[in-house]
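Coordinates in review
These are the residues of each chain, in order.
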Amino acid sequence: WLGLARTRLARLPARSLGGGMAGAEDGADGTAADVQRELHVQFFLRFLQLVPAPYASLDTNRLMIVYMACSALDTLGALDAIPDRQEIVDWVYNNQVLTGPLNGDGAGGFVGGGFLGPMKSAEEATRYHCAHVSMTYCALLVLSILGDDFSRVDRDAVMRGIRAIQQDDGSFQAVSLGTESDMRFVFSAVATCFMLQDWRGIDVDKTVAFILRSRSFDGGFGILPDQEAHAGAIYCASAALGMLGHLDKVMGDCLVDFLVARQVGGFNGRINKAPDTCYTFWVGGSMQVLGVHDQIDVESARNFILTCQSAIGGFSKVPGKIPEVYPDVLHAHYSVLGLSLMREPGFQPIVAALGMTRRSFLAAPFAQQPGGAKVSTGAPFELPE
Amino acid sequence: MHGRKQKQREEEAREPPEVRTKRTARLRKLRALLETGLACRAVRDGSDEALELTANLLCINPSINTLWNVRRDALLGRAEAPLPDAAPSVAGVDAAAAPDPDAERGTDAAVGNTAATAPSASPAASDALLERRRRLVRDELALNQQALTKGNVKSHEAWSHRAWVVEVLGQAGALVDLQRELELCKGLLSSDERNFHCYQYRALVARLAGHTTDDDLAFAQQLIDRNFSNYSAWHLKIKSLETKERDGVDLGCEALAAEFEAVNNALFTEPDDQSGWMFHRWLTARLSGGRAGVPEHDTEARLALLREQAMLVAELNELENGSSKWAMLALVRMTVAEGRLAEKVEGVDPGPKLEEARNICTRLAEVDPSHHRYYEHLSDRVAFAC
């Protein structure tokens with residue numbers, strides 16, 4: 001059912017967007033005063049049905065799109081709008097890779113979607129696929145958000161998969177067959193272990209060492225050692241260290257300075273780059289992980305996000321209107337989570353380290369134990385304020 | 001994902017229908033190949049078909065890592081396959097099996113060539129092997145460049161493949177035209193001077209070409225001189241200076257003074273540019289010892305230079321009507337640094353300097369009220385002499 005449309009997303013005529021359009025009309029400066037919650041709910045629900053042609057390059061990352069839609073709906077307090085949660089849960093499990101002679105022992109986890117076409121069963125996923133760690137992460141998130149108990153997750157296979165992708169230098173590649181390795185996959189691997197509350201698959205010391213080697217002089221983290229500080233890498237590094245229980249090792253003050261300086265109205269991801277809505281989450285979320293998100297200038301950030309709010313729902317990366325600029329599911333999702341970080345009324349609070357609501361976190365399988373979810377050292381994971 | 005959908009949409013709109021049909025047909029062909037299970041064998045044989053299909057697809061979407069993996073398997077297979085026996089004096093050699101110097105990818109030696117020989121110890125044979133491998137490298141780099149420039153110049157997968165070609169296929173750069181790669185990086189950086197994939201790849205190539213840290217510094221300086229706002233270049237400069245420190249070459253007082261002068265020229269022209277202030281902060285830390293602790297030598301000269309630089313920053317702030325937040329942030333740090341250094345050199349109590357720094361934080365909260373909580377926290381940090 002989650003097929004690929006070969007036609008463009010049609011420009012919806014104004015009347016089909018239903019009532020309440022008045023608030024979505026552009027103000028004199030093109031900025032709507034309010035967050036159009038209902039429009040966004042419809043926007044994300046559409047992505048659970050149909051993915052427009054321009055998303056063809058994300059064919060193998062469809063689980064990520066499903067995560068973003070579910071996570072945004074959860075944050076908007078609209079999970080009940082999803083017509084059939086079980087259908088999605090079953091679809092996710094169809095993307096679980098069973099290991100065998102053709103793909104090898106390290107192939108366990110989830111794929112994002114087969115580029116060979118829709119997979120009708122887990123057996124089909126087995127034959128040639130190897131799991132992608134970021135898709136495993138997205139799968140576990142979706143299952144948590146939709147209230148699944150992980151009973152069909154092959155934990156041993158996932159752990160073998162995680163072990164197969166860790167490199168000698170402590171970093172992780174994405175797929176056992178071979179990909180580049182960097183901080184993005186470190187985060188996905190650590191988050192996977194955290195959600196399964198199982199650290200067998202990773203060498204924690206090596207992982208921490210790699211993360212710390214990727215610190216740069218300006219307090220930030222690059223995606224690799226010697227790389228320029230980048231808010232995406234900072235988020236991955238801080239959240240990972242938080243889940244590993246080694247957050248004390250960041251250069252706290254310097255890093256906070258760097259993160260605060262990312263706010264130029266909206267947030268950018270690197271020094272002297274233009275602001276982009278998704279950095280509201282990468283920067284703001286990092287600040288929540290560090291416990292300093294009260295230092296965000298909420299008004300400017302919110303105003304910037306609103307200039308990126310689209311008349312068809314969703315948010316774009318930069319300010320502008322259709323057809324110059326379109327909203328996309330990734331920037332829309334991180335704008336919604338960013339607004340939640342800034343305590344937008346009516347939005348569910350989130351746990352930025354994982355990218356899910358507090359409600360879903362507390363109801364998830366990994367929190368159902370005395371003392372709640374634990375970090376790799378065995379200490380309890382501290383939820384943000 | 002950033003910015004790609006709009007471009008792709010425009011390109012698809014311009015694409016004539018027959019091109020789209022052809023592409024769909026190729027994808028179906030590749031899918032059929034992979035699904036029939038012959039794919040694995042076909043891939044390791046390095047079939048022309050698999051290579052042609054993947055090449056075309058990767059120029060459209062360079063981020064399908066599976067396809068780069070198919071090519072890596074195929075290329076290694078071709079590089080390590082036995083040479084066909086091409087000596088003209090050997091009777092019965094099938095001329096078609098001889099390596100064709102004009103062929104894009106060389107022949108598939110595994111298929112039906114009874115005259116094939118294992119790589120022998122003869123110099124001619126190893127030369128031929130190297131030459132074949134060199135050709136594979138050159139052609140693959142060309143294909144990868146197309147995928148980058150036509151498809152997505154920020155594709156992690158494409159850049160990582162390029163690094164693989166240089167390191168693995170190209171035998172740690174030995175079979176690669178490294179100067180050409182450096183020129184390519186120069187060109188790509190002139191279109192986008194913040195492409196971090198390019199900087200990372202260039203660092204690999206530079207290392208293989210035997211560049212020193214001083215070469216890196218010179219390159220960084222070129223980029224900074226072209227555009228002072230290019231923080232990626234500043235990152236490279238600072239990182240290189242830190243490498244030199246680890247090798248035991250510290251920036252002494254004189255060198256620090258020269259660097260201050262250079263960066264001040266730019267900061268006075270463009271006081272809002274964060275790149276320059278980041279370097280200024282690094283210089284201040286070096287001057288006063290920063291995280292490494294208060295320095296042991298030149299301490300009087302350093303204190304004098306620090307005071308002189310603090311006055312210059314205060315002057316800059318005045319020119320901006322006392323409202324340059326970056327200048328004021330720099331002053332907070334310099335004031336604290338001066339307090340600590342003066343304590344060491346002159347035995348003076350740092351208390352008043354810390355108080356002064358906290359006052360600047362208060363003024364910052366007035367100048368930039370939307371960040372007042374940050375300045376309050378900053379003031380607290382000063383109290384602990386950050």
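Scroll up to find the structure this text is about.
A short tour of the structure in this document, coming up. (Residues numbered from 1 in each chain as written. Chains lettered and ligands numbered in written order. Predicted model: local features only at pLDDT ≥ 70, side-chain atom pairs only at ≥ 80, totals over all residues. Heavy atoms only, no water.)

What about unusual backbone geometry?
All names here are of chain A. In this structure, the amide linkage connecting I322 to the following residue, P323, adopts the cis form with an omega of 5°. In this fold, P323 is placed in the loop between helix 12 (298–307) and helix 13 (329–341). Here the phi dihedral of R343 falls at roughly 60°; this positive angle occurs in a residue that is not glycine. With respect to the element layout, R343 can be found in the loop between helix 13 and strand 5 (350–351). (Helix = DSSP H or I, 4+ residues; strand = E, 2+ residues; numbered from the N terminus.)

A look at the packing of helix 1 (residues 37–47) of chain A against helix 2 (residues 62–75) of chain A
Residues and elements named next belong to chain A. The geometry of helix 1 relative to helix 2 is characterised by a closest axis approach of 9 Å and an angle of 150° between their N-to-C directions. Considered as vectors, helix 1 and helix 2 are oriented roughly antiparallel to each other. The two elements helix 1 and helix 2 cross, and the hand of that crossing is left-handed. Across from V41, F44, L45 and F47 in helix 1, the residues of helix 2 making contact are I65, M68, A69, A72 and L73. When the residues that make up the contact of helix 1 with helix 2 are grouped by side-chain class, the tally is nine nonpolar, no polar and no charged. (Axes fitted to C-alpha atoms, helices over the stretch in contact; angles between N-to-C directions. Parallel < 35°, antiparallel > 145°, perpendicular 65-115°, else oblique. Left-handed = near helix turned anticlockwise from the far one by under 90°. Contact = heavy atoms within 4.5 Å. Nonpolar A, V, L, I, M, F, W, Y, C, P; charged D, E, K, R; others polar.)

Here we look at the layout of surface pockets
With a probe scaled to a water molecule rolled over the atoms, the places where space remains empty come into view. Taken as a whole, the second largest pocket holds about 1,300 Å³ of empty space. Lining of the second largest pocket is provided by 45 residues; of these, A:L224, B:Q200, B:Y201, B:A203 and B:L204 occupy positions nearest its centre. Contributing elements (two or more residues each) for the lining of the second largest pocket: helix 7 (156–169), helix 9 (196–208), helix 10 (213–226) and helix 11 (231–246) of chain B. No other element matches the ten residues that helix 9 of chain B contributes to the lining of the second largest pocket. Grouping the constituent residues of the lining of the second largest pocket by class yields 16 nonpolar, 17 polar and twelve charged. (1 Å grid on protein atoms, 1.4 Å probe; cavity = no way out; pocket = protein on both sides within 12 Å on 5 of 7 lines; lining within 4 Å. Points joined across faces, edges and corners; volume = space filled by probe spheres on them.)

A few points about the environment of B:L53
Residues and elements named next belong to chain B. Within the fold, L53 resides in helix 4 (residues 48–60). On the accessibility criterion, L53 (4% relative accessible area) is buried. When the C-alpha positions of L53 and L27 are compared, they lie 7.8 Å apart, and in sequence the two are 26 residues distant. (Buried < 20%, exposed > 50% of the residue type's maximum accessible area, 1.4 Å probe, protein only.)

Some thoughts on the side chain of A:S340
Along the chain, A:S340 falls in helix 13. If sequence neighbours within four positions are ignored, A:S340 has contacts with A:T75, A:F347, A:Q348, A:P349 and A:I350.

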